[in-house]
Amino acid sequence: MGVKKKKEMQVAALTICPQDLETLRSFTDLEGKNLASLLLHCIQLSDGVSQIRYVKQIVPLLEKVEKNGMCDPAIQSCLSILAGIYLSLSLKNPLKKVLASSLDGLPEFFLVEATCSFTSRLEEELNTTDVYSYRKVMDNISSCMDNFNLGRTSVNNLLKNVLHFLHKSLTEILEENRKFAGNHIVQTQLMNDLLVGIRVSMLLVQKIQDFQGNLWKVSSSSIWQSMCGLLSIFTKFLSNDDLLQTIQSTSGLAVILFIKTMFHPSEKIPGLISGLLLHSVDCASIPEWFMSSCKSLCCAQVSGAALLFLCQGTLAMLDWQNGSMGLSGEALLLDTAHVLFTLSLQIKESTLEMFLSRILASWTTSAIHVLESSSPSLKCNLHGNSVIVGRLLEYVYTHWEHPLDALRHQTKIIFRNLLQMHRLTTEGADSLTDPFFLGLTKNLLQLEWHIKGKYTCLGCLVECIGIEHILAVDKTIPSKILDVMGDQSLVPYASDLLETMFKNHRSHLKSRTVDSTWIDQWHETWVSPLLFILCEGNLDQKSYVIDYYLPKLLNCNPESLRYMVKILQTSIDAKTEPCNSRGALGALMACLRIARAHGHLQSSTDTWESLVSSARIKQGLIHQHCQVRIDTLGLLCESNRSTEIVSPEEMQWIQFFITYNLNSQSPGVRQQICSLLKKLFYRIQESSQVLYKLEQSKSKHEPENELTKQHPSVSLQQYKNFMSSICNSLFEALFPGSSYSTRFSALTILGSIAEVFPVTEGGVQTVYQLSNDIDVGRFQILLGCFTSTFEEVKILAFDLLMKLSKTAVQFQDSEKPQSLFQAALELSTSTKPYDCVTASYLLTFLIWRVALPASLCASLPPQVACGGGGTSAAVVERNTLMVIKCLLENLEEEISQAKNSLLRAAASFPMYGRVHCITAALQKLPLK
């Protein structure tokens, strides 16, 4: 396989305005070693990656400047230009972060000047009046607050200006959006700008230090007025259904965040928000600024979407941990749940349903945080038998098979969290005797197994209280779940639930006992039902259990493989099964194959002998049931390591398999056989490269694998002998009169060998090349395949011949091309269509192998005749033209002979062959 070339990083180069460029030029020194010279050289580069290297030199250069250098006008100008460069770069440009890191690393005595310069440049940006430039300014404000101390300080210095800008920009963008109603392209851009503006406003409040105190909370200050204006805008956005729901959702977060930041005292915030959610705000008791900013939320009818997003903001923006909001916070939590349950009955739109499910899941998480603070009053309202938990369960049961995957995932989170909520309310009581868990388990188990949500909830229940409780209710649960695995739609759910159960059971049993006796009980519970299905189940059950359940079981406890093998071998020896049944032998081979593919079974002889005998392997390789043969072959060919050495025993078994299985009548089986053998050939090729390296290294160290048993050169010779033996068997199968299925299999496998072990140049070591085993007789055999009545055989033979090296395609004498060409011409006039196809393949082969009779060259014009030199494409083109000319001449002669014939219809049929060959030849031309 080729190595994928790593994509080179593309970085847009930074630029500056002409005025700054002239400033830099005026301050450069003759030696070109000061900061201005460095920046000028950096600007003149057109590659952003190279510019990054120069930007990283800024701090080391300034560290060499003495403290009195901070009064140097050149450095002051350079710092100002650097601030301008930073603000001009796009948000995603890597240069922006590199420059931020450099500016933060400036020597301390330059920081004051750098901050002044940056503040000045940022202030210019904030004075922008173009609506379509607001987004760039917003991005700059955001980047200044993102791990950039100098930028954050500058934003803090300009807090009044920044808030004014955000208020102005959001207002104007909203108006611009209204003007372009119906123009979806422009509106999409403007709405994205609105969304960014809301997020930047929230980021500002969360990260700027001034908002942590109360000094700015003066109703007459411009900062306060801007905050009220922003809160008013967010309230409008929240209730505007013409905007994107993402904007409404983010506005809900912003409204709660601003209320949390602005409202005083903080103890009254939960009560205020409860009033908003329940539409019961006492307008007489709230501040005037709040009434003017959030009037629509206090006095008007609030839409369901707005309420939903206010609930989201309440849960996301308030601090629910450690019970910091006290009893009023607990009341708010319960009020939020009441509102969400009411909305769940009203909301029908799918996107709002998705929001609701996420918010309900967020509510359960917040409830867990509050319960962890040991609140007695809340525990009475959130235990398993409470109304709220009952409503949550009802929501889960109603939506656990919802068409949206994401919504089903949220129901799983809600169910898992409500189990955790109940455990927190019981204060460590025994889960096994808890009435809520007992009732929930009983109700879930009584449901039909075709309900997919049942599997998810049972899995959560197992994770919460363990599997012992469920097995105590019904020990046949593993068998019941395996029984439904014949239904493809239920297989993923059933296998995931089984995995959760047997992992939990294993951990539980292992923790209870000090010895290994627990494994017997685990095997009896989880492995025995599996083996029964593999031996007695229907075809679909076996297939899905093998593909989904068996790998998970072995990954959990690889030691169980020996138990499986022991039980199945005993079953094989104890009873005689029908020859056409997979039975215990099929189950054994399937288990071994899966174990091998997942790395639980290595190919060393000791491992094979300790698990299964050679006779048993051979029994599987010639079993009457095709799937048993395929599983046994897969056991030998597949491995989790592509470089795993193929053992001599495996090579013998593969040779044994090929002897008896080339004539399979099932196309699907033939395809699987060829695919598995191709995997084996790739293993041989890749492991041989490891052997060559070991051989060349001449190391005295013993390798830590099966190579310790013999020298690498011995293994390489075994590979060569094996591949030659395989090819002998395949060519022997191509005898005259062999069946289509045999020829198809043999040619496909030979084609795989030629592909996996290609003709190499330049002395590259390869363990085998098919061309070396092609003599004149085998060449004739492949040419003979062109005469098959099946075109698939012709195609396979042609492709194989084209993969062979030119030296492998041998002609006995110089007259051979002439005789082949003549035979192709005769076949092209046959009344049998497949003869015409044979002729086209034969002519195409002669064209591409440059094996046409020399006499044809004389019939071409001098400019295309057999001149020397030229590319291979030109040679093929020349040969094609020669053949077409010859065919056309013969066709012309036949047409003239048929003109006066009474049997024109009969005479026209041979013409089909000529035309077919001409068409085929034209298709093979290497022209675009």
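Source: prediction; values computed, not measured.

**What to know about the overall build of the protein**
Logical step 1: When its secondary structure is counted, the protein shows 44 helices and zero strands.
Logical step 2: Considering the protein as a whole, with its 928 residues, one finds that 51% of them fall into the buried category.
Logical step 3: When contacts within the protein are restricted to residue pairs at least 6 apart in sequence, those whose partners lie at least 24 apart make up 72%.
Logical step 4: For the protein, the accessible area works out to roughly 43,500 Å², and carbon and sulfur atoms hold 53% of it.

**Some remarks on the confidence of the model for the protein**
Logical step 1: Per-residue confidence for the protein gives a mean pLDDT of 85; residues scoring 70 or more make up 84%.
Logical step 2: Segment residues 703-708: pLDDT under 50, and 10 contacts once partners within four positions in sequence are set aside and those in other chains are kept.
Logical step 3: Across residues 902-910 the pLDDT falls below 50, and counting only partners more than four positions away or on other chains, this stretch makes 10 contacts in the model.

**A look at the packing of helix 19 (residues 350-371) against helix 22 (residues 405-425)**
Logical step 1: Between helix 19 and helix 22, the least distance of the axes is 9 Å, while the angle of their chain directions is 20°. Regarding the angle of helix 19 to helix 22, the classification is roughly parallel. Between helix 19 and helix 22 the crossing geometry is left-handed. The segment helix 19 lies against helix 22, with Glu353, Met354, Ser357, Arg358, Leu360, Ala361, Trp363, Thr364, Thr365, Ala367, Ile368 and Leu371 engaging Ala406, Leu407, Gln410, Ile413, Ile414, Asn417, Gln420, Met421, Leu424 and Thr425.
Logical step 2: Split by residue class, the contact of helix 19 with helix 22 holds 13 nonpolar, seven polar and two charged.

**With respect to helix 37 (residues 712-732)**
Since the α-helix packs 3.6 residues into each turn, any two residues three or four apart lie on the same face.
Logical step 1: Between its first and last C-alpha atoms helix 37 spans 30 Å; for 21 residues at 1.5 Å apiece the expected length is 30 Å, and the two agree.
Logical step 2: Along helix 37, the residues that are buried comprise Pro712, Ser715, Leu716, Tyr719, Phe722, Met723, Ile726, Cys727, Ser729, Leu730 and Phe731.
Logical step 3: Buried residues in helix 37 make contact with helix 35 (648-661), helix 36 (667-697), helix 38 (740-756) and helix 39 (776-784).

**Details of the nonpolar core**
Logical step 1: Core analysis: the largest hydrophobic core is formed by 289 residues, its most contacted members being Trp363, Ile753 and Leu770.
Logical step 2: Beyond its immediate stretch of four places on either side in the chain, Ile753 contacts Phe681, Met723, Ile726, Cys727, Leu730, Tyr768 and Leu770.

**Section: the packing of helix 1 (residues 18-27) against helix 2 (residues 35-44)**
Logical step 1: It is the contact of helix 1 with helix 2, at a shortest axis distance of 8 Å, that shows an interaxial angle of 135°. Here helix 1 is positioned oblique relative to helix 2, judged by the angle of their axes. Remark: the crossing between helix 1 and helix 2 carries left-handed chirality. The segment helix 1 lies against helix 2, with Leu21, Leu24, Arg25 and Phe27 engaging Ala36, Leu39, Leu40 and Ile43.
Logical step 2: Grouping the amino acids of the contact of helix 1 with helix 2 by side-chain chemistry returns seven nonpolar, no polar and one charged.

**Points about helix 6 (residues 94-104)**
Logical step 1: Listed as buried for helix 6 are Leu95, Lys96, Val98, Leu99, Ala100, Ser102 and Leu103.
Logical step 2: The elements touched by buried residues of helix 6 are helix 3 (48-55), helix 4 (58-63), helix 5 (73-88), helix 7 (108-126), helix 8 (134-144) and helix 9 (149-157).
Logical step 3: The N-cap of helix 6, judged by a side-chain oxygen 2.9 Å from the amide nitrogen of Leu95 a few residues on, is Asn93.

**Let's talk about the packing of aromatic side chains**
Logical step 1: Overall, the coordinates contain 22 aromatic pairs when judged by the stated rule.
Logical step 2: Note on Trp289 and Phe290: the rings are 5.7 Å apart at their centroids and 85° apart in plane angle, and the pair reads as edge-to-face. Here the two residues Trp289 and Phe290 agree in accessibility, since each one is buried.
Logical step 3: Note on Trp449 and Tyr455: the rings are 5.6 Å apart at their centroids and 55° apart in plane angle, and the pair reads as tilted. Residues Trp449 and Tyr455 agree in their burial class; the two are buried.

**Some remarks on the pattern of salt bridges**
Logical step 1: Taken as a whole and assessed by the stated rule, the structure comprises 21 salt bridges.
Logical step 2: The salt bridge partner of Arg416 is Glu463, with a shortest N-O separation of 3.5 Å. With a gap of 47 residues between them, Arg416 in helix 22 and Glu463 in helix 24 (residues 452-465) connect regions that are remote in the sequence.
Logical step 3: Its relative accessible area of 46% is what places Glu463 among the partly exposed residues.
Logical step 4: Several salt bridges share partner residues, and in doing so they unite Arg582, Arg593, Asp631, Glu638 and Lys679 into one network.

**Structural notes on the state of the cysteines**
Logical step 1: Taken as a whole and judged by the stated rule, the model has zero disulfides.
Logical step 2: Cys228 takes part in no disulfide bond, and the closest cysteine sulfur to it belongs to Cys294, at a distance of 8.9 Å.

**Some details on the side chain of Lys794**
Logical step 1: With respect to the helices and strands, the residue Lys794 is situated in helix 40 (residues 791-803).
Logical step 2: According to the relative accessible area criterion, Lys794 is buried, its value standing at 1%.
Logical step 3: Setting aside its immediate chain neighbours within four residues, Lys794 contacts Cys785, Phe786, Thr787, Ser788, Tyr834, Val837, Thr838 and Tyr841.

**Describing the side chain of Ser386**
Logical step 1: Within the secondary structure, Ser386 is located in the loop between helix 20 (376-382) and helix 21 (387-399).
Logical step 2: Look at Ser386 and you get buried, because its relative accessible area is 8%.
Logical step 3: The residues touching Ser386, leaving out its near neighbours within four places in the chain, are Cys380 and Asn381.

**Structural notes on unusual backbone geometry**
When glycine is set aside, most residues are seen to have a negative phi, and most peptide bonds are trans.
Logical step 1: Of the consecutive residues His264 and Pro265, the connecting peptide bond is found in the cis state with omega at 5°.
Logical step 2: Its location among the elements puts Pro265 in the loop between helix 13 (245-262) and helix 14 (269-278).
Logical step 3: Phi at Asn147 is positive, roughly 55°, even though this residue is not glycine.
Logical step 4: Topologically, Asn147 is positioned in the loop between helix 8 and helix 9.
Logical step 5: Phi is positive for His279, close to 55°, though the residue is something other than glycine.

Scoring rules and cut-offs
Residues numbered from 1 in each chain as written. Predicted model: local features only at pLDDT ≥ 70, side-chain atom pairs only at ≥ 80, totals over all residues. Heavy atoms only, no water. Helix = DSSP H or I, 4+ residues; strand = E, 2+ residues; numbered from the N terminus. Buried < 20%, exposed > 50% of the residue type's maximum accessible area, 1.4 Å probe, protein only. Contact = heavy atoms within 4.5 Å. Areas by Shrake-Rupley, 256 points an atom, 1.4 Å probe, with all protein chains shown as cover. pLDDT = per-residue confidence, 0-100. Axes fitted to C-alpha atoms, helices over the stretch in contact; angles between N-to-C directions. Parallel < 35°, antiparallel > 145°, perpendicular 65-115°, else oblique. Left-handed = near helix turned anticlockwise from the far one by under 90°. Nonpolar A, V, L, I, M, F, W, Y, C, P; charged D, E, K, R; others polar. Expected span 1.5 Å × (residues − 1). Core = buried A, V, L, I, M, F, W, Y, C linked by side-chain atoms within 4.5 Å. Polar contact = N/O pair within 3.5 Å; in protein donor to acceptor, adjacent residues only side chain to side chain. Phe/Tyr/Trp six-rings, centres within 6.5 Å; stacked < 30°, edge-to-face > 60°. Salt bridge = Lys/Arg side-chain N within 4 Å of Asp/Glu carboxyl O. Disulfide = S-S within 2.5 Å.

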